[in-house]
Amino acid sequence: MARRIDPYSVRLLVAAVQTGSIVRAAAQEHIAPSALSRRLADLEHAFGTPLLIRSPRGVTPTDAGRMVLERGEKIDDELQALARDVQTMGSEVRGTVRLYANMSAVIGFLPERLRDFMARYPAVQVSLLECDTRDVIRACLDDLADAGVGVGVPAQAGLESWPFALDPLQVVLPASHALVGCEALGFAQVLNLPLIGVNQGGALDRSLHERAAALQRPLSMKVSVSSFDAVCRMVEAGLGIAVIPRSAAAAYAGSPRFVRLPLDEPWAMRELRLFALRKSPRPRAVEALIHVLRG
């Protein structure tokens, strides 16, 4: 077909057939009769066949016109439904948001913030995936995640980031440990003791290895596990001590069976940040989640 079919012209044809008159259809649709006539002529040209029989008594459809009438009424109903849906979207934020977050964010901060978000935006679903900070960043850059939370890293091209939470590192010891009376522990002291590691190769594990290398000290984990709750169980059993974020220590080592001490190092004040691929505009559901998570 050489010319594009204009849905508005189809609507005018429907009005003309239903009223039986160009003049009455023009009044109904708030358009000049001459303009309506031109649109109908253009529509007939686009279809390549007459759609109306014109006479002094008004207009009636040809066989082709009746087909356009039948289909046109359905098209108009669908367009009106589409308009209503779009207008409804304008008053309510809805959709699904893909959120990637590291382990300490999932444990320590996201449950309450997501609860607040879902209370404010009940029509939005959040698809949450827990992964290491490296994977959070990569997912945001690859547009696999709409937003991500992880340990603060140097700025990445194409990525926006905002402060999310401070989550300093703490040393977790069993309550019977000889160092329980200390106010804080330096990392050099920690390296003299058996250590329980978590998520080998993850952001925290890499950071501790880098800090040990800077002190020219070996870092050998007595046991390595994959979760913070498992770390705390190993500490509770007396297998060693652990360096973990305060959020995880509060969640899993908050009973009298443990003692939590600050790690007395400048780099222990770990910051979590919220990341998102730079976009303008963002979907409203994504923008709403970012706004709530930023606090």
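Residues numbered from 1 in each chain as written. Predicted model: local features only at pLDDT ≥ 70, side-chain atom pairs only at ≥ 80, totals over all residues. Heavy atoms only, no water.

Quick word on the overall build of the chain
The number of helices and strands found in the chain is 12 helices and 12 strands. Against the globule reference of 19 Å for 295 residues, the chain gives a C-alpha radius of gyration of 33 Å, more extended than a compact globule. Dimensions along the principal axes, computed over C-alpha positions, put the chain at roughly 105 × 35 × 25 Å. Looking at the chain residue by residue over its 295 residues, the buried ones come to 44%. Considering only contacts in the chain between residues 6 or more positions apart, those separated by 24 or more positions represent 75%. Summed over all atoms, the accessible surface of the chain reaches about 15900 Å², with 52% contributed by carbon and sulfur. On the chain, the mean spot of the 34 positive side-chain charges and the mean spot of the 31 negative ones are 3 Å from each other. (Helix = DSSP H or I, 4+ residues; strand = E, 2+ residues; numbered from the N terminus. Rg over C-alpha atoms; globule rule 2.2 N^0.38 Å. Buried < 20%, exposed > 50% of the residue type's maximum accessible area, 1.4 Å probe, protein only. Contact = heavy atoms within 4.5 Å. Areas by Shrake-Rupley, 256 points an atom, 1.4 Å probe, with all protein chains shown as cover. Lys, Arg positive; Asp, Glu negative; His and termini not counted. Charge placed at Lys NZ, Arg CZ, Asp CG, Glu CD.)

Focus on unusual backbone geometry
A cis amide bond links serine 280 with the next residue in sequence, proline 281, at an omega value of -5 degrees. In this model, histidine 30 sits at a positive phi of 55 degrees, which is unusual for a non-glycine residue. Summarising the element assignment, histidine 30 is placed in the loop between α2 (22–29) and α3 (33–47). Residues other than glycine seldom take positive phi values, yet aspartate 143 does so here, at roughly 60 degrees. Relative to the assigned elements, aspartate 143 resides in the loop between α7 (133–141) and β5 (147–151).

A short note on α3
Between its first and last C-alpha, α3 extends 21 Å over 15 residues, near the 21 Å set by a 1.5 Å rise per residue. Along α3, the positions that sit buried rather than exposed are Ala35, Leu36, Leu40, Leu43, Glu44 and Ala46. Next to the buried residues of α3 lie α1 (7–19), α2 and β1 (52–55). Of the residues trailing α3, glycine 48 is marked for its positive phi of about 80 degrees. (Expected span 1.5 Å × (residues − 1).)

A short note on the environment of serine 127
Position of serine 127 relative to the elements: it lies in strand β4 (residues 124–130). You can call serine 127 partly exposed: its relative accessible area is 41%. Once you skip the residues sitting within four places of it in the chain, serine 127 turns out to touch Thr96, Val97, Arg98 and Leu99.

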